[in-house]
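# Structural features, examined
Next come the chains, spelled out residue by residue.
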Amino acid sequence: MDWQRDLPTWPHNAWSRRVVCAPHRWHVQEHGKGPTLLFLHGAGASTHSWNAMMTELSRDHHVVAIDLPGHGFTTLGASNRSGLTQMTEDVAALCKQEGWQPQKVIAHSAGAAIALQLCEHHLTLDTRPQSVLAINPAFTDFDGLAGVLFPLIAKSLAVNPLTPWLFTLGPDAMSRAKRLIASTGSTIPAEQLSLYARLLKDRKHVQGALFMMAQWSLRGFKTTLSQSQTPMEIVVGLNDQAVPPDRTAEVQKSLPNSTLTELPNLGHLAHEEAPELFVSLVRSAIEDSRQSDPRP
């Protein structure tokens, strides 16, 4: 996305700023005062995924959302660091540089894996969030042959300079966005759909998403899951067509210090379908943590 051309019409653009933290040039949206909430979107999305939630929660919190490397307005560094370990290291460096100490991390899909890795391996006990809200988390790799072939295909597409051009070719980005969102099991507001259409027309964003998919692997992440001490609230939309809800439920059973909430009639982008519900979940969790905190 072009900073000069596209940002002026992007949601919450008044909250946006450029942050250079090697190796990337980040897009950060930051607003409000109070305890810090950090928002991490999933693959192929951007800060816009959190629009409605941030509007409401910024009334009494310091809200921070970032575009992940290669996504939205964040310029991917020359090394194309897009794997789980590398992205987490870079997000941790950004948090340290900016002095963010989030009370809670709200994360979606692949962003939830980054959030848990961040808490377990990069934040000290003093700076670790009280909990992570994981929305339809992507905690497992593809099964069987798909798990081998999909990253290889994505990698070959990402390194082909023609691929982003071909993906964004044609004027009917809205139809492509509708098909993509429908395939996730979600029905989102028209304004959100139009933002996904804009992202699908952007070659750098498409390439960034492909780089992320090409480098993504959760094989070493299983140990992090089984040994995790981070309090985690997992929320699953039972209509999720992208990450099977039953698979997430199985993972949750082996995840220490976690809870599972299942929501009928919501899909993979549940937080965009029912943002008011997720705002309520965040507020309730924060209030519960305050009441149970023994510290004066």
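Residues numbered from 1 in each chain as written. Predicted model: local features only at pLDDT ≥ 70, side-chain atom pairs only at ≥ 80, totals over all residues. Heavy atoms only, no water.

Examined against the element boundaries, Val 20 turns out to sit in strand E1 (residues 16–21). Val 20 gets classed as exposed once you look at its relative accessible area, which sits at 59%. Distance from Val 20 to Thr 75, taken between C-alpha atoms, is 9.6 Å for residues 55 residues apart in sequence. Setting aside chain neighbours within four positions, we find Val 20 in contact with Arg 25 and Gln 97. (Helix = DSSP H or I, 4+ residues; strand = E, 2+ residues; numbered from the N terminus. Buried < 20%, exposed > 50% of the residue type's maximum accessible area, 1.4 Å probe, protein only. Contact = heavy atoms within 4.5 Å.)

Here we come to the pattern of salt bridges. Taken as a whole and assessed by the stated rule, the structure comprises 11 salt bridges. One salt bridge connects Glu 56 with Arg 59, and the closest N-O pair in it is separated by 3.0 Å. Look at Glu 56 and you get partly exposed, because its relative accessible area is 30%. The salt bridge partner of Arg 81 is Glu 89, with a shortest N-O separation of 2.9 Å. Look at Arg 81 and you get partly exposed, because its relative accessible area is 22%. What you see here is one network of salt bridges that share partners, running through Glu 56, Arg 59, Asp 60 and Arg 283. (Salt bridge = Lys/Arg side-chain N within 4 Å of Asp/Glu carboxyl O.)

The strand order E1-E2-E4-E3-E5-E6-E7-E8 describes an open sheet built from 8 strands, whose pairing is mixed. Taken across any chain shown, the strands that pair with only one partner, and hence form the sheet edges, are E1 and strand E8 (258–263). Each strand of the sheet is rotated relative to its neighbour by a mean of 20 degrees, with strand direction disregarded. Here 4 bridges tie strand E3 (residues 36–40) to strand E5 (residues 104–108), and the two strands are oriented parallel to one another. Bridging across to E5, Phe 39 finds its partner in Ile 106. This element, helix H3 (residues 84–98), spans E1, strand E2 (24–31), E3 and strand E4 (62–66) of the sheet and lies at about 110 degrees to E1. (Pairing = 2+ DSSP bridges. Axes fitted to C-alpha atoms, helices over the stretch in contact; angles between N-to-C directions.)

As a further point, take the state of the cysteines. Per the counting criterion, the structure on display carries 0 disulfides. Just so you know, Cys 21 is unpaired, no disulfide at all, and the nearest cysteine sulfur is the one on Cys 95, 9.2 Å from it. For Cys 21, a relative accessible area of 6% gives the class buried. (Disulfide = S-S within 2.5 Å.)

In low-pLDDT segments, the atomic positions of the prediction should not be examined closely. Mean pLDDT over the protein chain works out to 88, with 86% of the residues at or above the 70 mark. Low pLDDT, under 50, characterises residues 144–150; the stretch is placed with 5 contacts to residues that sit more than four places away or in other chains. (pLDDT = per-residue confidence, 0-100.)

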